[in-house]
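Descriptive analysis of the structure
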Amino acid sequence: MWKLKIAEGGPWLKRVNNHVGRQHWEFDPTAGTPEERAHVERLREEFKQNRFKRKQSADLLMRMQENPIGEIPPAVKVEKIKDITEEAVTTTLRRAISSLSTIQAHDGHWPADDAGPLFYLPPFVIALYITGGMNTIFTAEHQKEIKRYIYNHQNEDGGWGMHVEGTSTMLGSALNYIALRLLGEGPDDGEDNAMARGRKWILDHGSVVKIPSWGKFWLTILGAYEWDGCNPMPPELWLVPKITPIHPGKIMCYCRLVYMPMSYLYGKRYVGPITELVRSLRQELYVESYQDINWDKARNACAKEDLQYPHPLVQDMLWGFLYHFAEPMLKRWPFSMLRDKALKVAMQHIHYEDQNSRYFTIGCVEKVLCLMACWVEDPNSEAHMFHLARIPDYLWLAEDGLKIQVVRSCFNSSVNFQM
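Sequence order sets the numbering: in each chain, residues are counted from 1 along the sequence as written. This being a predicted model, a pLDDT of at least 70 is required before a residue's local features are given, and a value of 80 or more before pairs of side-chain atoms are given or counted; all residues contribute to the totals for chains, interfaces and linings. Remark: hydrogens and water are excluded; side-chain values derive from all non-hydrogen atoms of the structure.

Some thoughts on the overall build of the chain
Counting from the N terminus, the helices are DSSP H or I runs at least four residues long and the strands are E runs at least two residues long. Scanning the chain from terminus to terminus reveals 17 helices and six strands. We take the radius of gyration over the C-alpha atoms and set the globule estimate at 2.2 Å times the residue count to the 0.38 power. In terms of C-alpha radius of gyration, the chain reaches 24 Å, essentially the compact-globule figure of 22 Å for 419 residues. With respect to the principal axes defined by its C-alpha atoms, the chain has extents near 75 × 55 × 50 Å. Any residue under 20% of the maximum accessible area for its type is buried, any over 50% is exposed, and the rest in between are partly exposed; the area is computed with a 1.4 Å probe on protein chains only. Taking all 419 residues of the chain together, 51% fall into the buried category. Contacts are assigned to residue pairs that have any heavy atoms within 4.5 Å of one another. Relative to all contacts within the chain whose residues are 6 or more apart in sequence, the contacts with residues 24 or more apart total 72%. In this description, accessible areas are obtained by the Shrake-Rupley approach with a 1.4 Å probe, and a residue is regarded as covered only by the protein chains that are shown. For the chain, the exposed area adds up to about 20900 Å²; of that, 55% sits on carbon and sulfur atoms. Neither His nor the chain ends is counted toward charge; the positive residues are Lys and Arg and the negative residues Asp and Glu. A charge is said to be at NZ when it belongs to Lys, at CZ for Arg, at CG for Asp and at CD for Glu. Where the 48 positive side-chain charges of the chain centre and where its 51 negative ones centre are 4 Å apart.

A few points about the pattern of salt bridges
In a structure, side chains of opposite charge can pair up when their charged atoms sit close to one another. For this analysis, a salt bridge means a side-chain nitrogen from Lys or Arg found within 4 Å of a carboxyl oxygen belonging to Asp or Glu. Using the criterion set out here, one finds 20 salt bridges in the structure. Among the salt bridges present, the one from aspartate 204 reaches lysine 200, with a minimum N-O distance of 2.7 Å. Of this pair, aspartate 204 and lysine 200 both sit in helix H8 (residues 194-204), four residues apart, roughly one helical turn. Take lysine 200: its relative accessible area is 52%, and that puts it in the exposed class. Arginine 269 is the partner of aspartate 228 in a salt bridge, and the nearest nitrogen-oxygen pair spans 3.6 Å. With aspartate 228 in the loop between helix H9 (213-222) and helix H10 (253-268) and arginine 269 in the loop between H10 and helix H11 (276-284), this residue pair connects regions lying 41 residues apart in the sequence. Overall, the relative accessible area of 38% leaves aspartate 228 in the partly exposed class.

Considering the side chain of serine 263
Within the fold, serine 263 resides in helix H10. Looking at serine 263, the relative accessible area reads 0%, which means it is buried. Counting of polar contacts relies on pairs of N or O atoms within 3.5 Å, with two restrictions inside protein: one atom must be capable of donating a hydrogen and the other of accepting it, and residues adjacent in sequence are counted only when both atoms are side-chain atoms. Engagement of the side chain of serine 263 in a polar contact is seen with the backbone oxygen of methionine 260, the distance being 2.8 Å. In contact with serine 263, not counting residues within four places along its chain, are Met233, Pro234, Pro235, Trp238, Leu343 and Ala346.

A word on the environment of isoleucine 221
Tracing the chain through its elements places isoleucine 221 in helix H9. A residue is classified by how much of its surface remains accessible, and isoleucine 221, at 0% relative accessible area, is buried. Considering only alpha carbons, one finds isoleucine 221 and methionine 64, 157 residues apart in sequence, at a separation of 40 Å. Ignoring anything within four residues of it in the chain, the contact list for isoleucine 221 reads Ile130, Trp227, Leu265, Tyr270, Val271, Gly272 and Met372.

A few points about empty space enclosed by the protein
Where empty space is left becomes clear once a probe the size of a water molecule has been rolled over the atoms. Here a cavity is any set of points on a 1 Å grid over the protein atoms alone where a 1.4 Å probe fits but cannot get out, and a pocket is any open set with protein on both sides within 12 Å along at least 5 of 7 lines; a residue lines the site when it has an atom within 4 Å of a point. Grid points are joined across faces, edges and corners, and a volume is the space filled by probe spheres set on the points. A full pass over the atoms with the stated rule returns three cavities of 30 Å³ or more. Of the voids in this model, the largest cavity is the one considered here, and its volume is about 90 Å³. Together, Phe119, Tyr120, Pro123, Leu171, Leu175, Trp214, Trp218, Met262, Cys364, Val365, Val368 and Leu369 line the largest cavity. At the level of secondary structure, the elements contributing two or more residues to the lining of the largest cavity comprise helix H7 (170-182), H9 and helix H15 (364-377). In terms of residue count, H15 provides more of the lining of the largest cavity than any other element does, four residues in total. Residues are grouped as follows: nonpolar covers Ala, Val, Leu, Ile, Met, Phe, Trp, Tyr, Cys and Pro; charged covers Asp, Glu, Lys and Arg; every other residue, Gly included, is treated as polar. Within the lining of the largest cavity, the residues separate by chemical class into twelve nonpolar, no polar and no charged.

Concerning the layout of surface pockets
Of the voids in this model, the second largest pocket is the one considered here, and its volume is about 410 Å³. Those elements that provide at least two residues to the lining of the second largest pocket are strand E2 (23-27), helix H5 (134-137) and helix H16 (382-390). By residue class, the composition of the lining of the second largest pocket is ten nonpolar, six polar and two charged.

Quick word on the confidence of the model for the chain
Per-residue confidence for the chain averages 91 on the pLDDT scale, and 93% of its residues sit at or above 70. A residue's pLDDT is the predictor's confidence in that residue, given on a scale from 0 to 100. Confidence drops under pLDDT 50 across residues 410-414; counting only partners more than four residues distant or on other chains, this segment forms twelve contacts.

A short note on the packing of aromatic side chains
Note on ring pairs: Phe, Tyr and Trp rings are taken, using the six-membered ring of Trp, and paired if centres are within 6.5 Å. Classes follow the plane angle, with under 30 degrees stacked, over 60 edge-to-face and the rest tilted. Overall, the coordinates contain 17 aromatic pairs when judged by the stated rule. Ring centres 5.6 Å apart and planes at 65° place the aromatic pair tryptophan 2 and phenylalanine 27 in the edge-to-face group. Placement of tryptophan 2 in strand E1 (residues 2-6) and of phenylalanine 27 in strand E2 is noted, with a sequence separation of 25 residues between them. Under the relative-accessibility criterion, tryptophan 2 is labelled buried at 4%.

Digging into the nonpolar core
Buried residues of nine kinds, namely Ala, Val, Leu, Ile, Met, Phe, Trp, Tyr and Cys, make up a nonpolar core once their side-chain atoms join them within 4.5 Å. If you look at the biggest cluster of nonpolar residues, it comprises 109 residues, and the most contacted ones within it are Phe138 and Met372. Element by element, the count of residues in this core is highest for H15, at eleven residues. Not counting the four nearest positions on each side in its chain, methionine 372 is found in contact with Ala127, Ile130, Thr131, Trp218, Ile221, Leu265 and Tyr270.

What about the state of the cysteines?
We call a pair of cysteine sulfur atoms a disulfide when they lie within 2.5 Å. One pass over the full model with this rule turns up zero disulfides. Between cysteine 253, a free cysteine, and cysteine 255, which holds the nearest cysteine sulfur, the sulfur-to-sulfur gap is 9.6 Å. The exposure class assigned to cysteine 253 is partly exposed, which follows from its relative accessible area of 23%. Note on cysteine 370: no disulfide assigned, nearest cysteine sulfur contributed by cysteine 374 at a separation of 6.5 Å. Cysteine 370 gets classed as buried once you look at its relative accessible area, which sits at 0%.

In structure tokens, the structure reads:
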């Protein structure tokens, strides 16, 4: 049975507050009574049966383990024609306080689910598959719950959305299909032909050639796509004088801190080991033969379900210039020395961010990118080990399965949302 751990440390964890506010889940095969385990399974089955009607989990597993729910005053129903009395307001406030007090952890913070987007979890699966840490970080029980989560949030048409409430998109469908394959699911596995239906949705909508840029990036890292099919992410921008308006330091942090490790991995042109499974994905996810794909044309291909706003012409012209002229030049000496210098500067920024945040980083998207960058730089580095140790801080378990939270141990946002 899974247990929610509060304010507990572990190896390779840096701290400044004795881990107050930390929440993570651990599986204990001896935990729980037979009745509690049976109740957990009932909750999971109820979610599964109603997953197309109620797509959000209710944190029922967490509520089982935190403070037992005491007596909460009955709700006050106020008619339009009646005045709101002081007694009614007091009763309502007591109900709110009583409810919140039942889910407050012993260290003072409010643990809570902060997930929803469906493109957060697959990059962690891809990164751990490439680095060889899959079975170390994601035990058999972790993998079982991850697969439960992905299957539970598959849409009726076979695809997956950007988030649990969303209609199917190429980004959500391709990344979650790949995650299931990397977790050991076969091309035709899953209840009601779930894998086959997912693959059919992908192929019917143009194949992963039409996945958006973040999807192209992760598929390339895995080896199921090519860097030639990605628009440039030059790390040389980190060398631009800070006074200029195009320096990445002028970009909003959520964009800058994602571009930072992406530019490093792009500059390295890193690709993971081409395993038999990766070769199989190259066959499963494309309409045409992998060798015949026009990668230049694929750079700007995007499924209509994913296209939020068409590229302006000037943006495509800039990318075209970088792709056809700047990148080939930067691969040749003496310009290649500029690329080497840019990669060092980008990595310095990555290490600074990691150390400043104690390897939490600003959120889950950057977290896994920095983990990959540190591993590519040195697979045996302490930085990589510190990153691995912080992955559990991003995991959350509920009746719908195991998911990745938007931000680490999210007690700040939990309190804000609750209040």
